[in-house]
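An overview of the molecular structure
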Amino acid sequence: MNLQFISDGPALIVENRTRVLVVADLHFGIESDLADHGWHFSSRSAERVKKVCACIETTNPDLLLLLGDVKHSIPKTTQQEFFEIPGILSAFRDLVPFMVIPGNHDIGIGRFLHDGELLPKAGAIIDGVAYLHGHTIPSPSLLGHLIIAGHHHPMVSLHDEVGCYLRAPAYLAAELDPAKLRCAEKKGMRRKTRVLFMPAFNEVAGFDILRIIRHPFSPLSRSIRTDTAEVFLTEGTYVGPVSALEDDVAA
Amino acid sequence: MLLPDRLDERVRSCIKKRGFFALSDPQMQAIPLILDEKNIVLIAPTGTGKTESAMIPVFNALLSTPSSGGIRALYITPLRSLNRDILSRMEWWCRELSLSIGVRHGDTPASERRRQALAPPELLITTPETLQALFMGKRLRRHLAGIRYVIVDEIHELAGSKRGAQLAVALERLHVYASNFQRIGLSATVGNPDEIGRFLCGARPFTVVRVPVAKDLEIAVKFAGESFKQQVETLSSMLGRKGSTLVFVNTRVTAEALGHELFERGDVEVHHGSLSRDVRIDAEERFKRGEINTLICTSSMELGIDIGRVDHVIQFGSPREVARLIQRVGRAGHQLHTVSRGTILATGFSDLLESLVIARRARANEIENVIPHMNAADVLANQIAGISVEYGEIERERVREIIGRSHVFSDFVSLLEDVCLQMQEHRLIRLDGSRIITTARARKYLAGNLSMIHDERKVPVFDMVSRRTVGTLDESFVVGWVHTGAVFITKGQLWRVIEIADGKLTVEPARKVQGELPSWEGEQIPVPYSIAREVGGVRRNRTIRDYTSEPAGIRYAENFLLDMDKNHSRVPTDQLITLENTDEGVICNICAGHKANEAFGRVISIILSAKFGTTVGIELDAYRILLRLPSHIRAADVRDALDGLDPAHMPGIIRLALKRTALFKWKLVQVAKKFGAIDPDADFERISIQKLLDFFDGTVIQQEAYRELLSEYMDINTAAAIVELVRKGEITVTTGRLSIIGAEGLLTSRDEIPPPTADQAVIAAVRRRLESDEVVLCCMNCRDWKSRTVVSRVPATPQCPKCGARLIAALKPWEEPLCAVAGKKKKSDEERATELRLMKNANIVLSSGKKAVIALAARGVGPENASRIIGTLADGDAFYREILKAERNYIQTHRFWQ
C-alpha cells in the first residue's frame, strides 16, 4: 500500500489494488453559518469544487472517497446547500465514481446521492485500509487496520526561539490504545491499529493539534496514545512527535 | 462700518451681558468675514473666544432672516461626549435671542430625538457620527434643506483622521440638500492652515484667519531627575504654588502612576479616557470649584473641555510634538491677553534633548503639518453604504460626483469601482448595471458603523490557575492574532492562550520567554522625524547650552555624553547609526522618529528572518530599535543586512514584512469591519480567523490596510532616504557593545516578523528536530566503544575516544543492539549482512563527518539514502530539503504504515 500526500488539497492518495483519492471535511455551505456568526462572504463553493476537480484530474484515481462533512449545516439543509450540492456532486460524478462516509454535518445527504454512494457512518474498509469520518466509535471490523479519519481538522503551529511563524493544516498519526477504546468487541486488537487524522479540505476549518491532543472531543481522539503521536505537513514532511510541539510552546 | 454697528441690537446687548467689554483679536478679524458670508478657517489658541467668534455672527444672521422651519445652523464638534460648557453658553445665547437649540449625539435619549424630528431646532449641536445618522431618516432629511451655516469645531483634530474624511464627505452629502451653506472651521495651531481650509471647503474659496501664538507662550524645560522617584519629587515641589495646575502626561499608565504617588497630598486627581464618565466629570467639577488644585491628565483634556481657569501647565515628559505642546500650554492663563506659561519636566537623557528641541520649535512657530487621509477605501465604503441607504438606489456616477466634491477623494474612479465590487461580495450593496442598490443588511451595518472610530471591545484575560481576570486585550487584536498556544505578556507576566470562548481569553502562566505580545500603544504619540534628527544633531554637536540655560539639565546631559565617551561607546547621532549587541538581540540606535524606525526595523527584520529562517521580534521608539534575535545572530549580521539593502526595494519589502504580522492583521480586521465583512459583534471564538483573513488577499481591503499602516504607522520613504544616505556615506554605521544610550528608555511598539516563506519555517523546524534526535555512535574500528548521545553534541568529525579512529557508525536509538553484532567473533550470514551495513554507515561518517550523522538521523534514511543525499553536494537549506525529500518518500511507503 502506498500513501501519497497531495499538498494542494489537502488530500491523500491511497494506492493498493485500487487508487483512492481521499478528501475530508469539505463543508459546503459554510458561508451561511459564517454569516450567522457575523462574517459575510459570498459562496466560495465554485472555487472549492474547482480545486477538488483539479486534484482529481492530476491524480487520476479510480475512486474518490469523501470522508464526511461534505455539507455544513446541522441539522437542516439550507437554501444555499439545496441549491449548490446537486451541482457539486455531479461535477465529481462526471470525473470519477465517488463514495461518501457521512459525517456529523451530513444529515440528509442521502437525498443527493445515487445508489451505492453512501457508506455506513461507523466506517468502511476499502482495499485493506479503513475509513471513518471520526465522530463515532469505529466499527470493530476497522480495528487492526490503518484508519484514515477526518472530522478533527488538524492544524499545526510551529514556533521558533522568538515566536510563532507558521500555522498550517497538518496530519496527526497515532496508535490506538486498546484499553481506552470503548468498543463492543476487540477482536482485531492483536494487530496494532494506527489512526491518521486528515486535515480539512475546506479553507477555513482548523483546530490546533495541541488542542485535539489535550482536549479530545471524539471517541477516536480520546483513545489514541499521545506520547508517540506524530505530526506531518500536507506534503508529507515529517515535522516531529507531538511532544516536540509541546516543548516548543511550553518549556 | 464699525463692527459693533453691523451687529444686531440684541446681539450687542448679549455681549455686554456676558461681561465682554471688548472683542478679542480673533473675534475682530473673524466676525466681519463671517458676516460677509465668507468661508473661513479660524486658527487660534484655546481660550481666545473662538466659539464666540463663530457664533456671534451666526446668531446675528439667524436673527435677521426669518425661519423656514427646519435646522438653520449646525455646530459640529468631535467630542463624543459634548463639551458641557460650550453647550451651556450656547443655551444661554439662544434663550436670550429666542432661538431654538438642540443637542443630538450618541447618548441623546430617543424621546428627545423624536422631538427633534418633529420640531427641529434652529441650531443643532452634534457630532460627526450623528450627522451621518441624520441622512438615514426621511423626516430628518427634509429638515436639512434650510441649513445656512455649518461650524466645525476642533477641526485640526478631525482633518488628519478618517473620521474627518468621513465628515468631509458628509458635508458634500449635505450640500445636495442645502447647497452652498457657509462653512466655518475652528482650529488650534497647525503647520499648514491652508490644508485645513481645503479639507473643510473642497474647491470652494475660503479665508484663513490666523492668530499667532508664539508671542504669548513661555515655555521652560526643567530636568526632573533620572529615576521615577526623583521625577515625582520634582513634580510635587512644583505643585505647592498658588493657583490651579494641569499636569499633562503621555500615557494612562503614567497618569495612574503619578496619581498613586501623589495621592497623599489630597489635592490631586487623575483624568483620562479609561475612567468612567462619572469619575471624569466629578474630577472636572471639583477642579473647577477649587476643591482640588491639580489635575493629572492625558490628551483627553486637550480638547476644549472647560475646567475653568488654569494657572499653570506642566508637561511631564516630552510632549513628542510641537502642536501638542502648544495646545496643552495654551490652556494656561485662560484670560485674553495673558501669557500662557508652561514647564516641561524632562525625564531622562533622550527625553531632555527632545523636550529642548520641541521647546525651541514651539517658540519659532515650527509646527507639524496636518495630513488628511486621501482616498481612504474604507471611508469610501462606509459612505457608499450610507448614500445607498439614503437614496435607496442611485447611479454610480452620481455617487462619484457627490463624493468627488470633497477634498479627500480625488481621481478615484477605479477605486470606487473596486470598492463597490468588494462591498457586493460582502452583501452591503447590490450592483445592477450602473446603479448601486441598497441591501437588507445595509441599515444594520450603518447602525453599527456610524463612526470611523474603531470601538474596541476589550476582551478580558482570565487566568485559569489563579481563577481571576488579569487584564484585557483589544478585540481586533484578539481576532487578528491570538490563537491557542500563543504566548504573550501582560502585567509583567507570561501567559499562554488555552482557549478563546465565552467572550474571554483563558490563559495559564507560561514559563519560557517565547514570543512577546505584539503591542503598539494606540495612545503613544509618534515623535516626528524632524525632531528626532534635530536631537541627533544636538548629540553630535553637544550644543545643549544653545537650547537651555538650566544648570541641572546642562550638567546631566553633558555628563551623560561624557560617560558614553568614558565607556568608549560611540554616540549615535543624526550622522551615525550604532548597532549594539545585547543578551536579547541587537539594538539599532537611529535618530529618525517612530514612523521611520518602524519602517526601517521591519525591513531589516524580514531580511534577517528570511536569511536565518527565524522569527524576529521588534520593539522600538524614536531613537532605537531592539531586534529580538536568536543568540547566534549579532550586530555584524545586522550590518551586513543593512549593507545589502537597496532603498528602491524597500517599499516592496515592507509590504512583505507586514503581511503576516499582528499589526497588519489587526488593521485588516478594522478595515474589513468598515466594508461590512465582519459584524461589530462577530463571533471569533470558534472560527479559524487566520484563514478567513486570507480571503482578503489581493482585495481593496488589504490595499487599504497597507495604505493606512504605511501612512500612519510607518514612514517607508524616510527610512529609504536614510538607507540612501548610508550608501552615500553621509551616515556611517558602527557596531559595538551595549551603551547607556542603547539601554535607555521604554520601548513602545512591539511586533513579530515571521520568515516570508513557509519553506524556511519548516526547514528550521526540521533542523531543530534533527539536532535533538538521539543517536548511537559505535566505533567500527576497535568495535569496543559505543555512546548514546544527541546529534547536536556530536563533533564535526566524530572520533573514537578509545582507539582514535574515525570509522564511526551513527545509528538510530532502536538500532543499538546491532553494535553488539559488530563485536562478535563468529557471525551468521544475517549478522554478516548487518556488519556490512554498519561498515557502509561508518564509511559515510568517515568521509562526511557530522553531515552524515545528521542525514542518518532522519526517518527512514539508511546508509544508501544518506550516501545519495551527501552525494548531491547540497549545503545549508538545500541539504535539509534533500533530507526532507528522502523522509517523505519513506513516509509514503507501506513499511511506514504497518
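Fair warning: this is a prediction, and the values are worked out from it, not measured in the lab.

Some words on the nonpolar core
Ranked by internal contacts, the top residues of the largest apolar core, which has 140 residues, are B:I384 and B:V419. The residues touching B:I384, leaving out its near neighbours within four places in the chain, are B:V399, B:I403, B:L416, B:V419, B:C420, B:M423, B:I429 and B:I436. One finds A:A149, A:F197, B:A858 and B:I870 within the second-largest nonpolar core, a separate group that totals 61 residues.

Section: unusual backbone geometry
The omega torsion across A:G9 and A:P10 is 5 degrees, close enough to zero to call that bond cis. As for its position among the elements, A:P10 is in the loop between strand 1 (2-6) and strand 2 (11-15). Its identity is not glycine, yet B:R542 carries a phi of approximately 55 degrees, on the positive side. Within the element layout of this structure, B:R542 appears in the loop between helix 22 (529-541) and helix 23 (544-547). Accessibility expressed as a relative area gives 33% for B:R542, which makes it partly exposed.

Side note on the packing of aromatic side chains
Any pair of aromatic rings gets described here by the distance separating the centres and the angle formed by the planes. Under the criterion given, the structure shown has 18 aromatic pairs over all chains. Note on B:F409 and B:F412: the rings are 5.6 Å apart at their centroids and 50 degrees apart in plane angle, and the pair reads as tilted. There is no split in this pair, since B:F409 and B:F412 are both buried. Aromatic ring contacts, followed pair by pair, group A:F5, A:Y171, A:F232 and A:Y238 into a single cluster. Here the guanidinium or amino end of A:K51 rests over the ring plane of A:F201, the centre of that ring lying 5.2 Å away. Just above the ring of B:W92 sits the side chain of B:R18; from NZ or CZ to the centre is 4.8 Å.

Considerations on the sheet that holds strand 3 (residues 101-104) of chain B
Residues and elements named next belong to chain B. Reading across the sheet, the 7 strands line up as 3-4-2-5-6-1-7 and stay open at both edges, with parallel pairing between neighbours. Sheet topology places strand 3 and strand 7 (207-210) at the edges, where each strand pairs with a single neighbour. Across the sheet, the mean angle from the axis of one strand to that of its neighbour is 15 degrees, orientation sign disregarded. Both strand 2 (residues 73-76) and strand 4 (residues 123-126) contribute to a ladder of 4 bridges, which runs parallel. Within strand 4, the position partnered with Y75 by the bridge is I125. Each of strand 3 and strand 4 is contacted by helix 6 (residues 110-118), which is oriented at about 130 degrees to strand 3, the strand it contacts most.

Describing the packing of helix 17 (residues 377-391) of chain B against helix 18 (residues 396-404) of chain B
Residue and element names in this part refer to chain B. Packing of helix 17 against helix 18 brings their axes to within 11 Å, and their N-to-C directions diverge by 120 degrees. Comparing the axis directions of helix 17 and helix 18 gives the class oblique. Here helix 17 and helix 18 pass one another in a crossing that is right-handed. The segment helix 17 lies against helix 18, with L380, Q383, I384, I387 and Y391 engaging R398, V399, I402 and I403. Classifying every residue of the contact of helix 17 with helix 18 gives 7 nonpolar, 1 polar and 1 charged.

The rules behind each value
Residues numbered from 1 in each chain as written. Chains lettered and ligands numbered in written order. Predicted model: local features only at pLDDT ≥ 70, side-chain atom pairs only at ≥ 80, totals over all residues. Heavy atoms only, no water. Core = buried A, V, L, I, M, F, W, Y, C linked by side-chain atoms within 4.5 Å. Buried < 20%, exposed > 50% of the residue type's maximum accessible area, 1.4 Å probe, protein only. Contact = heavy atoms within 4.5 Å. Helix = DSSP H or I, 4+ residues; strand = E, 2+ residues; numbered from the N terminus. Phe/Tyr/Trp six-rings, centres within 6.5 Å; stacked < 30°, edge-to-face > 60°. Lys NZ or Arg CZ within 6 Å of the ring centre and 35° of its normal. Pairing = 2+ DSSP bridges. Axes fitted to C-alpha atoms, helices over the stretch in contact; angles between N-to-C directions. Parallel < 35°, antiparallel > 145°, perpendicular 65-115°, else oblique. Left-handed = near helix turned anticlockwise from the far one by under 90°. Nonpolar A, V, L, I, M, F, W, Y, C, P; charged D, E, K, R; others polar.

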